[in-house]
Amino acid sequence: MALVEIRDVYKSFQRDTQRIDVFTGLTLDIDAGSFTALMGPSGSGKSTLLNLIAGLDKPTRGTVRVGGEAVSEMSASQLAAWRARHIGFVFQSFNLLPVLTAYQNVELPLLLTRLSGKERNERVKIALDVVGLADRADHYPRQLSGGQEQRTAIARAIVADPTVMLLDEPTGQLDAKSSQEVLALLQRLNSEFTKTIIIVTHDAHAAERAKMVLHLEKGDLIEKPRATAAAMR
Amino acid sequence: MIPIVYNVRSVVRRPVSTALTALGVGLVVAVFIGMLALANGFRAALAKTGSNTNALVLRKGADSELSSGLGRDVASIIAADPHVATGADNRPLVSPEVYVLIPLAKAFDTTQIANVVVRGVSDQAWQVRSNVKITAGQRPTSGRPEVCVGSRLTKRFPHTGVGQTLHFAGRDWTVTCQFSAAGSAFESEIWGENEQFMPVFRGDVFQSITFRLKDPATFDDAQRALQADKRLTVDVHRESEFYAQQSQLLGNILSFLAIMITGIMAVGAVFGAINTMYAAIASRAPEIGVLLTLGFRPWTVLVSFLAESAFIAVIGGVLGGLFSLPLNGIVTSTTNWSSFSEIAFSFRVTPALLLVGLIFAVVMGVVGGFFPALRAARLQVVQALR
Ligand SMILES: Nc1ncnc2c1ncn2[C@@H]1O[C@H](COP(=O)(O)OP(=O)(O)O)[C@@H](O)[C@H]1O
């Protein structure tokens, strides 16, 4: 059984009088432990797909299951608890809370668990260590570089040990060097810690590091072998 | 729960809007505390006037000393009553009193006339009223046109210093002393000998008779005995209750006004808070989106922003309390509507009042923060993050 099962999903948005059909019967499986890159032109529905998996949005029709649980059927409050437990989300624009230190930002997801202060402290330290920012714990986001901010966001996404990491163009605002650092980090999280990673990206380097590349085109899936993806550069 | 440090730091990050909102709340709280301090001071002045151990006798049906009248015979019957305490010299502690209002021009603006109480007392009165203390000079000598002036009058009316001469009721009166009375309404009175005032004012009647009870617990007995006495047509009040009663009308009106006026002002302050919070939430929509994405529930977002609004209001409440503190002790005066006399009293800002002010501030904050916080809690994650 695949970790993420998307079955015959329809999703449309209403914008004024116009209806935008993003997905019309999408079916897709993503296995546990995989590193999947979602590619495709802008507007093809990549972010929408990520939001559906995270339970941030609901399909118009069809089901989304993660780890056997029907995400598309849950209530808002069930979703909040489920997301806290199973999803680590990383945004293109980092989205750290500016008034909290790196440490406090990373600790946020743990405030939703029953862990004691001491256990939280240990976990945050480990997460910051993994992303190589142990010495930046007390820095505020504005005191960090873009790459450091994004690595802090990744620490925040992994600290509660989620089932799936979802990343929406995580290197979109980073320079080449920082992008490489972030991608290497993701690869390590996947290989060393067997994290399941789904990353939306335009970056061919990112696709190279992924184990599987999915192309979305106008809401349809074009599965291409890795070699082709690399050749497309 | 979303950590409160998130809200505190967010508030500190926008000092100008925070300060303005807090200032609005603070102003309302200051006015609120100030007006209640006024009502408080007024009540306290009258409450302290009466003593628990004294009984006040008025003509039956009279609701104030002004409308009462009692003959000399009543005074002697009461002096002989067994409930009345006796002094060291074995004489009963009774003060049959003359009570009149005289118009006096104020010191700073002599065109302003105030009604001042003139009280003619027996020489026992100084013992009956244990809160009255002479602060300067000597008590008026029996048989002479001399008066003693309450300490609240001396600054506000001319010719009230010891050795000066007051002119009223067609005669000159030498001021021989000043007295204090623990901040009570007596401090706004002029005292002299009852036998001196009787002929120049209303003739051979007293307005009230106050006596010290042998045992404060026997008040009910004394009241029953005197009111049942066929020779008398009197009402007997416990002195403390009588004055507390007198403060009720004006005290309640002052409190009502305080709540009315600050209620209206509070609407303004609440709108200030609403504005600030809507602006804060609009500019932090992505942050709210992140919190919701991480799995914080919408109601914790609601609580978080309510707390933020309440926090700003608490700053305002503290400011308001600080603004109101200098009022404490300032002397002002009003006409007591129960006796039509001028009473001076001080603003009383008490710790309890400061606490009420702070709670009032928090209420304004929570009310003002509610709808903005509700909007924050209802944000759609995907929209908020765009
Ligand atoms: N909340 C929304 N309301 C209306 N239209 C939307 C909304 N979200 C996405 N869309 C539309 O759906 C399509 C897919 O968007 P998106 O998933 O963001 O694409 P991608 O991430 O591949 O660029 C686009 O045409 C976009 O305009």
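Residues numbered from 1 in each chain as written. Chains lettered and ligands numbered in written order. Predicted model: local features only at pLDDT ≥ 70, side-chain atom pairs only at ≥ 80, totals over all residues. Heavy atoms only, no water.

A. Structural view of the packing of aromatic side chains. Counting across every chain of the model gives 15 aromatic pairs over all chains. Ring geometry for Phe168(B) against Trp173(B): centres 5.2 Å apart, planes inclined by 15 degrees, an arrangement best described as stacked. A relative accessible area of 4% places Phe168(B) in the buried class. The rings of Trp126(B), Phe179(B), Phe186(B), Trp191(B), Phe242(B) and Tyr243(B) are connected pair by pair, giving a single aromatic cluster. In this structure, Arg61(A) packs its charged tip against the face of Tyr10(A), placed 4.1 Å from the ring centre. Looking at Arg171(B), its charged tip hangs above the ring of Trp173(B), at a distance of 5.1 Å from the centre. (Phe/Tyr/Trp six-rings, centres within 6.5 Å; stacked < 30°, edge-to-face > 60°. Buried < 20%, exposed > 50% of the residue type's maximum accessible area, 1.4 Å probe, protein only. Lys NZ or Arg CZ within 6 Å of the ring centre and 35° of its normal.)

B. How the structure looks around the layout of surface pockets. The volume enclosed by the largest pocket comes to roughly 1,300 Å³. Taken together, 47 residues form the lining of the largest pocket, with Asn51(A), Asp57(A), Val382(B), Gln383(B) and Arg386(B) sitting closest to its centre. Only β1 (4-15), β2 (18-30), α1 (46-54) and α2 (76-86) of chain A together with α12 (381-385) of chain B provide two or more residues apiece to the lining of the largest pocket. Taken together, the residues that form the lining of the largest pocket break down as 19 nonpolar, 18 polar and 10 charged. (1 Å grid on protein atoms, 1.4 Å probe; cavity = no way out; pocket = protein on both sides within 12 Å on 5 of 7 lines; lining within 4 Å. Points joined across faces, edges and corners; volume = space filled by probe spheres on them. Helix = DSSP H or I, 4+ residues; strand = E, 2+ residues; numbered from the N terminus. Nonpolar A, V, L, I, M, F, W, Y, C, P; charged D, E, K, R; others polar.)

C. Broad picture of the interface of chain B and chain A. Between chain B and chain A, the residue contacts involve 20 residues of the former and 23 residues of the latter. Buried surface at the junction of chain B and chain A, summed over both partners, amounts to about 2,000 Å²; 68% is from carbon and sulfur atoms. On the chain B side of the interface with chain A, the three residues burying the most area are Arg9(B), Thr293(B) and Leu294(B), jointly 28% of the side's total. Put simply, chain B and chain A have 0 salt bridges between them. Counting across the interface, chain B meets chain A through 6 residue pairs in polar contact (both at pLDDT 80 or more). Mapped by element, the contributors of at least two residues to the side of chain B that touches chain A are α1 (4-13), α9 (285-294) and α12 of chain B. (Contact = heavy atoms within 4.5 Å. Buried area = accessible area lost by both parts, 1.4 Å probe. Salt bridge = Lys/Arg side-chain N within 4 Å of Asp/Glu carboxyl O. Polar contact = N/O pair within 3.5 Å; in protein donor to acceptor, adjacent residues only side chain to side chain.)

D. Summary view of the packing of helix α5 (residues 146-158) of chain A against helix α6 (residues 176-193) of chain A. All names here are of chain A. For the pair α5 and α6, interaxial distance at closest approach is 9 Å and the crossing angle is 20 degrees. Of the possible angle classes, the one that applies to α5 and α6 is roughly parallel. Note that α5 runs across α6; the crossing there is right-handed. Here Gly147, Gln150, Arg151, Ile154 and Ile158 of α5 lie close against α6, whose contacting residues are Ser178, Glu181, Val182, Leu185, Leu186 and Leu189. Here the residues of the contact of α5 with α6 are counted per class, giving 6 nonpolar, 3 polar and 2 charged. (Axes fitted to C-alpha atoms, helices over the stretch in contact; angles between N-to-C directions. Parallel < 35°, antiparallel > 145°, perpendicular 65-115°, else oblique. Left-handed = near helix turned anticlockwise from the far one by under 90°.)

E. Representation of the side chain of Glu169(A) in the model. Residues and elements named next belong to chain A. Inspection of the secondary structure assignment puts Glu169 in the loop between β7 (164-168) and α6. Here Glu169 is buried and forms no salt bridge, its nearest opposite-charge partner Lys46 lying at an N-O distance of 5.1 Å. In contact with Glu169, other than residues within four places in its own chain, are Gln92, Val200, Thr201 and His202. (Lys, Arg positive; Asp, Glu negative; His and termini not counted.)

F. Structural context of the site of the ligand. Lining the immediate surroundings of the ligand are Phe13(A), Arg15(A), Val22(A), Pro41(A), Ser42(A), Gly43(A), Ser44(A), Gly45(A), Lys46(A), Ser47(A), Thr48(A) and Arg386(B). Bordering the ligand are residues originating from chains A and B. A distance of 3.2 Å is found between an oxygen atom of the ligand and a backbone nitrogen or oxygen belonging to Ser44(A). Look at the ligand: alone it shows 560 Å² of surface, and the protein chains cover 79% of it. Under a 2 Å grid-point criterion requiring more than half of the atoms, the pocket assigned to the ligand is the largest pocket. Contributions of two or more residues to the shell around the ligand are made by β1 and α1 of chain A. The element that contributes the greatest number of residues to the shell around the ligand is α1(A), accounting for 3 residues. (Near = heavy atom within 4 Å. Areas by Shrake-Rupley, 256 points an atom, 1.4 Å probe, with all protein chains shown as cover. Sits in = over half its atoms within 2 Å of the grid points.)

G. View of helix α7 (residues 219-228) of chain B. Residues and elements named next belong to chain B. For α7, the complete set of buried residues consists of Phe219, Ala222 and Leu226. The arc enclosing the buried residues of α7, seen along the axis, measures out at 65 degrees, which places them on a common side. Across from the buried face of α7, at angles greater than 90 degrees, the exposed residues are Arg224 and Ala228. In this structure, the buried side of α7 is in contact with β1 (54-59), α3 (72-79), β9 (208-212) and β10 (234-238). (Arc of directions from axis to C-beta.)

H. Summary view of unusual backbone geometry. With a phi angle near 50 degrees, Thr194(A) is a residue other than glycine that sits in the positive phi range. Residue placement: Thr194(A) occurs in the loop between α6 and β8 (196-200). If you check the backbone angles, Ala169(B) has positive phi at about 55 degrees while not being a glycine. Within the fold, Ala169(B) resides in the loop between β6 (165-168) and β7 (171-180).

I. Structural context of the packing of helix α10 (residues 298-324) of chain B against helix α11 (residues 351-378) of chain B. Residues and elements named next belong to chain B. Where α10 meets α11, the closest approach of the two axes is 6 Å, and the angle between their N-to-C directions is 150 degrees. By the angle between their directions, the pair α10 and α11 is classed as roughly antiparallel. For the pair α10 and α11, the crossing hand works out as right-handed. Split into classes, the residues belonging to the contact of α10 with α11 amount to 19 nonpolar, 7 polar and no charged.

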